[in-house]
Amino acid sequence: MKLLIFGPQASGKGTMASRLAKKFNIIHISTGDIFRENIKNQTELGKKAESIINQGNLIPDHITNELMKDRLSRDDCANGYILDGYPRNMAQAEYLDSNVQLDTALLLDVPEEVSIKRISSRRTCSACGTIFNTLTLIPKKEGICDACNGQLIQRDDDKEEAVKKRLNIYHEQTEPLLTFYKEKGILKKIDGSKSVEEVFTACLEALS
Ligand code: AMP
């Protein structure tokens, strides 16, 4: 099973992708997580990516496409995967399409106000990456991660200026994927503004 999940920032892609990956025993591949891991470890890729990501811009396509070609050729992808954050523009979608046939592209649709509200209240553990939300997924102790006691921070790219830029990029560059996958007959649109359980059920129905 080869799936893609896409949608605007904070539409719940990461949460749904990790739940679907568990359910179907497939790998969850998030390009954002791969870049963040590289930044944390200060690899060559991480050093190049850091300022680009913090400003809310996209990593150049040739870097992202190569990275993903390599990632998708590994053994753990044999049973299938769910892509989260890639492809993010038409050039990437066409590149992927020339190597891989996806089964389903799930679009998590949320209005812009919901997206902005969710991002501005998002907090991430600086140690283990667990995500909290100051409105809906409140940590037991303010500012501290429930999982590892790490410090909760607001990611630089979750700050207002970067968020506006990322949403503009989403509308201009990622939204055209909707038509691309619709024409291929594999697009399933899900209302992502509902509760996590409701959205998950809708994803399962769309995949059944
Ligand atoms: P995300 O966590 O998916 O929002 O990704 C965080 C950041 O990583 C994005 O704002 C981009 O700077 C970068 N990134 C993630 N996926 C891609 C991609 N497919 N193409 C280019 N840049 C990406």
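Let me sum up the structure you'll find in this document. Quick caveat, the model's predicted, so the values are computed rather than measured.

Parameters and conventions
Residues numbered from 1 in each chain as written. Predicted model: local features only at pLDDT ≥ 70, side-chain atom pairs only at ≥ 80, totals over all residues. Heavy atoms only, no water. Core = buried A, V, L, I, M, F, W, Y, C linked by side-chain atoms within 4.5 Å. Buried < 20%, exposed > 50% of the residue type's maximum accessible area, 1.4 Å probe, protein only. Helix = DSSP H or I, 4+ residues; strand = E, 2+ residues; numbered from the N terminus. Contact = heavy atoms within 4.5 Å. Near = heavy atom within 4 Å. Polar contact = N/O pair within 3.5 Å; in protein donor to acceptor, adjacent residues only side chain to side chain. Nonpolar A, V, L, I, M, F, W, Y, C, P; charged D, E, K, R; others polar. Phe/Tyr/Trp six-rings, centres within 6.5 Å; stacked < 30°, edge-to-face > 60°. Salt bridge = Lys/Arg side-chain N within 4 Å of Asp/Glu carboxyl O.

This next bit is on the nonpolar core. Core analysis: the biggest nonpolar cluster contains 22 residues, and F6, I29, L72, L83, L96, L102 and Y181 have the highest contact counts within it. Elements with a minimum of two residues in this core: β1 (2-6), α4 (61-72), β3 (81-84), α5 (90-97), β4 (104-109) and α8 (177-183). For this core, the element with the most residues is α8, which contributes three residues. With near-sequence residues (within four places) excluded, I29 lies in contact with I34, M68, R71, L72, C77, Y81, I82, L83 and D84. L3, I5, A21 and I82 belong to the second largest nonpolar core, which has 16 residues in total.

The subject of this paragraph is the site of the ligand. With respect to spatial proximity, 16 residues lie near the ligand, and among them T31, R36, N57, G85 and Q92 are the closest. Side-chain polar atom of Q92 to a nitrogen atom of the ligand: 2.9 Å apart, as the coordinates give it. One of the side-chain nitrogen or oxygen atoms of R166 is found 3.0 Å away from an oxygen atom of the ligand. Considering each element in turn, the shell around the ligand owes the most residues, four residues, to helix α2 (residues 31-40). Its residues assigned to classes, the shell around the ligand comprises five nonpolar, six polar and five charged.

The next thing to look at is the packing of aromatic side chains. For any pair of aromatic rings, the description rests on two quantities: the centre-to-centre distance and the angle between the ring planes. Going through the model one piece at a time under the given rule, you end up with two aromatic pairs. Consider the rings of F6 and Y181, whose centres lie 6.4 Å apart with planes at 55°: the pair is tilted. One end of the pair, F6, is in strand β1; the other, Y181, is in helix α8, with 175 residues separating them in the sequence. You'll find F6 and Y181 in the same group, each marked buried.

The tally for this structure, following the rule as stated, stands at 14 salt bridges. E197 is the partner of R19 in a salt bridge, and the nearest nitrogen-oxygen pair spans 3.0 Å. Remark: E197 occurs in helix α9 (residues 196-207) and R19 occurs in helix α1 (residues 13-24); sequence separation between them is 178 residues. Of the residues examined, R19 reaches a relative accessible area of 27% and is grouped as partly exposed.

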